[in-house]
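Remarks on the overall topology
So you can see what is in the structure, the chains are spelled out below.
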Amino acid sequence: MTAGLDPVAVSSLLERQELLRLLERAVTKCVTVISAPPGSGKTSLLRVWAARSTGHRRVAFVSVDRDERDAERFWRAVVDALAPETRIAPLDADQLVEKVLSELAEQVDPVVVIDDLHELASADALRQLEHLLAVLPSAARVVLSSRRDPPIRLHQLRLAGEVTEIRDGDLRFTERETRELLAASEIRLSDTGVAALRQRTEGWAAGLRLAVLALSGHPDPEQFVAEFSGTDRAIGEYLMAEMLEGQPSEVRSMLLRTSLVDRMNAELADLLAGRQGSEQMLLALEEANAFVVSLDAQRTWFRYHHLLADFLRLELRRTSAEEVPELHRRAARWFADNGDVVEAVRHMLAAGDWPEAARMLADHLFSLTLDGKEGAIGSLLQLFPSGASADHPDLAVARAATHLAQGRLEQAAAQLAVAESQVDNTRLAVAIASLRLALARRSGRFTEVIEQVNLLDASIADEPIAMSSELRGVALMNLGIVETWSGRLADAERHLAEGAALAQAIGRPYLEVVCRAHQGFPSKRVSVASARERGREAVALAEHHGFDERPILAPAFGAVGGMAIWMGEFDEGERWLRRAREVAAADVDPAPAVLLHVATGMLHAGRGQHRSALDEFAAAARAQSRLTGAHALAPRITGWLASMQARVGMLDEARATLAGFAADTERMGALANARAVISLAEGDPAAAVDVLREIRSGAVVPPFTRVEAHLLAGTAHLKLGERDAAVAAAEAALADAEPDRLIFPFALTEAAELLGALPRHATAHGALLADIVDVLRGTPATSPDREQSDELSPSELRVLRYLPTNLTRPDIARELYVSINTVNTHVRNIYSKLGAHDRSSAVARARELRLLSAGRA
């Protein structure tokens, strides 16, 4: 036996105080096991610790000779270390063990350090060591240092809490220790350089020491660190001598061929090695601390130490260069088949096949985007060789997606034009069309993508077309969003619902959130209350998946805020709009920006802040002007802007705002209402009544527009002295407002005087009227949902509002887009929570609690 020396004499430069304290604490237990790869600094640590221990304890240091197979020689070395001045008669191994025990019992706080225990190849000696540890005197301590866990049973000592382990992770140099090591050698490196060196070596003592030796006197230390790797000659020689040369040929072959990948499991390793059994080899190497690291608790994925991987790749190129391209192709196909597109493209490029790599990247472009890997797409594009064709359609599509994600819209458009000029298959055509819609969404240029809308609509419906689920889902999303902002709400509803369902089916939560975030708008088939509930559900889904801070959620926040304002809950609406602005980045899409200005203008108008409302509606009009094609809210923006101008005395400006704006019958109501406001401001209530007559009776006019028209007509009738007509108009407004609690129009039109004309207790909508009066007096409205949320859930409240109607349960299910079973469940819960036994008693009780307004028809 000899006193073994670690290959790295780190202790001569640096005493690692924290590590020494860790070892000092460890030897309070009977057995300490130090297990780590070669070059980790095990021997240096033990030598420094032993030297510092002299004077207060006896440390017997034994280094096991290489491939020691003689048990008697091993134990004699232990005895000699414990009692160097004692001459002993010839003894066999078992007798020598007893002698060791005797010496340990006689000495005061003795410690035996056995270094390089992995070299002990005698089964008898290991069995005897196991026995010695089991009967160790209470004051004695043993430290075992090895490149792998000792092949002896320590379970009883572990159960007794008498085993301490120090492993590779404990021995790695920290960044601070790396800096101290460099300073001790008078080597100056920037903080970035120190961090890079520590990261590259992974804190491995041998790697750091060899780097220090090479850095001494180097003219450019920063450049050396930037280029330092396992291909360094000194590192290579060390790894070859200490690690690779001692392995069987099949293990060496496996190591070399699998070094091309950053991580591997058994299946991939077998594929690259061309033989079975790789997992057993990797597990054995990990257990031997041979620079193999398992990446998961189940030990199914592995990687190599960075420096070992560098060295192995160099050795593979040196010995089997002709195999390298095919190995990269194998790896690329495996990663592609197993869903890791980034690695697949990277290895296909390494194989030299950039056209196939481009096809792979284009095929999986949208799945990478949905995984949040837009940055990875850009990084992969930089790996393509300079000779890669600038007009290759697959690469152009990938470049366009990257530019679009980074907000470089002009560059994205240019790349899409390149792709369109070279497109030769439907898959790529659909991808281009979808990106065109995304570009339109970001730029607001809706009228320029009608062809893409039609192409996508037809392609999505054409099942034989080969289209990945991700591509189909993204196409549905972009199609639905553009249709939403263009006012094609029925088509948008169909496509967004289908996109959300597909996203849920394929496990793409971000795609589902984006689709649902644009479904919170009222339409012919979706009430204000339902739209509000949809928006809340979209936000809840986003919060569940951690997407609630994404700019794409701004429409959902804005829509929920807008619906709250419609229902007179101004403070609540303001809170939602604040959240919308917080997530809406400076480069928020133009169409949602219009929505936020409109909703904020409504908030100010509802509070009687006409000038602030005017500013917001004007801002909405300016944002709308930057779009090509009319925004879905364009008529309402124009109407409310003109109304506010009239209310603050800007009559000429109000007329100019309305001049030249054309709208279909369905949308002209907002403009007619504005003309009525102008007529009232001019002192001509009869003209206001005339202009509103058609709107008030129009079946295609949205309820919220009709409510405003009734209120303006009622005000005009009052000014004309036509009290009965005014009361009838107010009643009509309440009747149209009742289903969705549309309180905002009453605040917008300042209808307090009109409502005061209603005979006391004569209205059929007393509960709603009470809420409206509260809002007009400045008392904040509260949603029944909020007051009773601990009793009835939002979904139950939605069903409750249909109970006073003549709709059957199947009808209610169709209205709410849920199953009849869901409606039945909610009805049972409503009866139970309200203490009702049938529909009529549930409605009566709900009215008592003001969950429903009185007398809903």
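Let me sum up the structure you'll find in this document. Here, residues in each chain are numbered from 1, in the same order as that chain's written sequence. Totals for whole chains, interfaces and linings use all residues, but because this is a predicted model, local features are given only for residues with pLDDT of at least 70 and pairs of side-chain atoms are given and counted only at 80 or more. Only hydrogens and water are set aside; all other atoms, that is, all heavy atoms of the structure, feed into the side-chain values.

**Side note on the overall build of the chain**
Heads up, the rule is: Secondary structure elements follow DSSP: runs of H or I no shorter than four residues count as helices, runs of E no shorter than two count as strands, and numbering proceeds from the N terminus. Radius of gyration here uses only the C-alpha atoms, and the compact-globule reference equals 2.2 Å multiplied by the residue count raised to the power 0.38. Type-normalised accessible area, obtained with a 1.4 Å probe on protein chains alone, sets the label of each residue: buried when under 20%, exposed when over 50%, and partly exposed for intermediate values. Whether two residues touch is decided by their heavy atoms; if any such pair falls within 4.5 Å, the residues are in contact. Where accessible areas are quoted, they stem from the Shrake-Rupley method and a 1.4 Å probe; at the residue level, only the protein chains shown are allowed to cover.
Counting its secondary structure elements, the chain contains 47 helices and seven strands. The C-alpha atoms of the chain give 39 Å as radius of gyration, which overshoots the globular expectation for 857 residues (29 Å, by more than 25%). With the C-alpha coordinates of the chain rotated into their principal frame, the extents come out at 130 × 65 × 50 Å. A buried classification covers 54% of the 857 residues belonging to the chain. The long-range fraction of contacts in the chain, counting pairs at least 24 apart against all pairs at least 6 apart in sequence, stands at 67%. As displayed, the chain has an accessible area near 36500 Å², and 49% of this comes from carbon and sulfur atoms.

**Describing the pairing of strand β2 (residues 58-63)**
Stated precisely, the cut-off is as follows: Pairing between strands is defined by DSSP: at least two bridges between the two strands are required.
Judged by how many residues are buried, β2 sits mostly within the fold: five of six residues are covered. Inspection of the sheet shows β2 paired to strand β3 (residues 110-115) by six bridges, in the parallel sense. Looking at β3, one finds that S63 is bridged to D115.

**Regarding the nonpolar core**
How we decide: Here, the term nonpolar core denotes a set of buried Ala, Val, Leu, Ile, Met, Phe, Trp, Tyr and Cys residues that are joined through side-chain atoms within 4.5 Å.
Counting 178 residues, the largest nonpolar core has Y304, F384 and F746 as its most contacted members. Counting residues per element, this core draws most heavily on helix α32 (residues 590-606), at nine residues. Once residues lying within four places of it in the same chain are set aside, the contact partners of F746 are V707, L711, A733, L734, A737, A751, L755, I772 and L776. By size, the runner-up hydrophobic cluster in this structure holds 37 residues, among which are A60, V97, L120 and L129.

**Here's the deal with the environment of A591**
Structurally, the position occupied by A591 is in helix α32. For A591, a relative accessible area of 1% corresponds to the buried category. When the C-alpha positions of A591 and R626 are compared, they lie 9.5 Å apart, and in sequence the two are 35 residues distant.

**Details of a negative patch on the surface**
Operational definition: In this analysis, a patch consists of residues with relative accessible area above 30% that form no salt bridge, clustered at 9 Å for like charges and at 5 Å for the nonpolar side chains Val, Leu, Ile, Met, Phe, Trp and Tyr. Salt bridge, as used here: a side-chain nitrogen of Lys or Arg that lies within 4 Å of a carboxyl oxygen of Asp or Glu. The sign given to each residue is positive for Lys and Arg and negative for Asp and Glu; His and the chain ends receive no count. Working definition for charges: the position is that of NZ of Lys, CZ of Arg, CG of Asp or CD of Glu.
Residues D70, E72, D92, D94 and E98 make up a contiguous surface patch of negative charge. Following the sequence through the fold, D92 ends up in the loop between α3 (71-82) and α4 (93-106).

**What about helix α36 (residues 669-681)?**
Rules: One fewer than the residue count of a helix, multiplied by 1.5 Å, yields its expected span.
When the terminal C-alpha atoms of α36 are compared, their 18 Å separation across 13 residues agrees well with the 18 Å that a helix rising 1.5 Å per residue should span. Taking burial as the measure, the 13 residues of α36 include 11 buried ones, the bulk of the element. The set of residues buried in α36 consists of G669, A670, L671, A672, N673, A674, A676, V677, I678, S679 and L680. Against α34 (634-647), α35 (651-658), α37 (685-697) and α38 (703-719) lie the buried residues of α36. A positive phi of about 85° marks G683, the residue just after α36.

**Comments concerning the sheet that holds β3**
Here is the rule: To obtain each axis, a line is fitted to C-alpha atoms, and for helices this fit is confined to the stretch in contact; angles are then taken between N-to-C directions over 0 to 180 degrees.
The five strands lie next to each other as β2-β3-β4-β1-β5, forming an open sheet whose pairing is parallel. Edge strands, defined here as strands with exactly one partner in the open sheet, are β2 and β5 (163-167). The mean inter-strand angle of the sheet, taken between neighbouring strand axes irrespective of direction, is 15°. Sheet strands touched by helix α1 (residues 17-26): β1 (31-35) and β5. Its angle to β5, the strand with the most contacts, is close to 160°. Sheet contacts for helix α5 (residues 123-134): β1, β3 and β4 (141-146); angle to β4, the most-contacted strand, approximately 145°.

**Details of the side chain of S530**
Mapped onto the elements, S530 comes out in helix α29 (residues 528-545). Since its relative accessible area comes to 7%, S530 is described here as buried. If sequence neighbours within four positions are ignored, S530 has contacts with R798, Y802 and L816.

**Quick look at the packing of aromatic side chains**
What counts is decided by this rule: Each pair of aromatic rings taken from Phe, Tyr and Trp, with Trp reduced to its six-membered ring, is defined by centres within 6.5 Å and is described as stacked if the planes are under 30 degrees apart, edge-to-face if over 60, and tilted in the remaining cases. Cation placement over rings: the criterion is NZ of Lys or CZ of Arg within 6 Å of the ring centroid and within 35° of the ring normal.
For the structure on display, the rule yields 13 aromatic pairs. Residues Y510 and F547 carry aromatic rings whose centres are separated by 5.3 Å and whose planes lie at 80° to one another, so their mutual orientation is edge-to-face. Taken together, the residues Y510 in helix α28 (residues 509-517) and F547 in the loop between α29 and α30 (554-566) connect sequence positions 37 residues apart. Classification of F547 by relative accessible area gives buried; the value is 14%. Taking the centre distance of 5.7 Å and the plane angle of 75° together, the rings of W640 and F744 count as edge-to-face. You can see W640 sitting in helix α34 and its partner F744 sitting in helix α40 (residues 744-748), a full 104 residues away along the chain. Accessibility assignment for this pair places W640 and F744 in one class, buried. Through a chain of ring-to-ring contacts, three or more aromatic side chains come together here, namely W566, F617, W640, F704 and F744. Between R16 and the ring centre of F173, over which it is positioned, the NZ or CZ distance is 3.8 Å. Over the aromatic face of W301 sits the side chain of R263, whose NZ or CZ is 4.7 Å from the ring centroid.

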